[in-house]
Amino acid sequence: MSLSTLLSELFSGTDSGPDAAERASGNGDGGSSVTVVHECRTCGTNVSAETSNCPACDSEDIVTHSID
């Protein structure tokens, strides 16, 4: 996914494709939500949760970040 596409999706509020961040609800009290991002540690490409190898650089080093 290109940087311009990613920025466009972030600012428009739409999520699409395998590179979109996942949103999980918080503790069920209607409070905050958590955003989970899966990205390649080698090149920084955002990938889906099921990805085992980065499509951009073929690295197996995928990391998951939870952002409150």
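Conventions we followed
- Residues numbered from 1 in each chain as written.
- Predicted model: local features only at pLDDT ≥ 70, side-chain atom pairs only at ≥ 80, totals over all residues.
- Heavy atoms only, no water.
- Disulfide = S-S within 2.5 Å.
- Buried < 20%, exposed > 50% of the residue type's maximum accessible area, 1.4 Å probe, protein only.
- Helix = DSSP H or I, 4+ residues; strand = E, 2+ residues; numbered from the N terminus.
- Contact = heavy atoms within 4.5 Å.
- Polar contact = N/O pair within 3.5 Å; in protein donor to acceptor, adjacent residues only side chain to side chain.
- pLDDT = per-residue confidence, 0-100.
- Pairing = 2+ DSSP bridges.

Student: Looking at this structure, I do not really get the state of the cysteines. What am I missing?
Tutor: Here a disulfide denotes a covalent bond joining the sulfur atom of one cysteine to the sulfur atom of another. Counted according to the given criterion, the structure contains zero disulfides. Here cysteine 40 is not cross-linked by a disulfide; its sulfur's nearest cysteine counterpart is in cysteine 57, at 3.6 Å. A relative accessible area of 1% places cysteine 40 in the buried class.

Student: Would you explain the environment of asparagine 53 in this entry?
Tutor: When you line up the elements, asparagine 53 lands in the loop between strand S3 (46-47) and strand S4 (62-67). Considered as a pair, asparagine 53 and cysteine 40 are 13 residues apart in the sequence and their alpha carbons are 8.3 Å apart. Each residue touching asparagine 53, except ones within four places of it in the same chain, is listed here: Asp58, Ser59 and Glu60. Separated by 3.3 Å, the side chains of asparagine 53 and serine 52 make a polar contact. Within the structure, the side chain of asparagine 53 is placed 3.4 Å from the side chain of aspartate 58, a separation counted as a polar contact.

Student: Before we go on, may I ask you to explain the confidence of the model for the protein chain in this structure?
Tutor: Residues shown with low pLDDT carry predicted positions that ought not to be read at fine detail. Averaged over every residue, the pLDDT of the protein chain is 77; the share at 70 or more is 54%. Of all secondary-structure elements in the protein chain, the lowest mean pLDDT belongs to strand S1 (residues 22-25), at 51, while S3 reaches the highest, 96.

Student: Would you mind showing me how to read the pairing of strand S2 (residues 33-40) here?
Tutor: A regular strand carries its side chains on alternate faces of the sheet. Here S2 pairs with S4 via six bridges, running antiparallel. Opposite histidine 38, over in S4, you have threonine 64 as the bridge partner. Judged from the two bridges that link them, S2 and S3 form a sheet pairing that is antiparallel. Paired with histidine 38 across the two strands is valine 47, which belongs to S3. Between S2 and S3, which pair antiparallel one after the other, the connecting turn spans five residues, and glycine 44 there sits at a positive phi close to 85 degrees.

Student: I'm lost on unusual backbone geometry in this one. Help?
Tutor: Keep in mind that most residues, glycine aside, have a negative phi and that most peptide bonds are trans. Positive phi outside glycine occurs at aspartate 58, with the angle close to 65 degrees. Tracing the backbone shows aspartate 58 in the loop between S3 and S4. Classification of aspartate 58 by relative accessible area gives exposed; the value is 55%.

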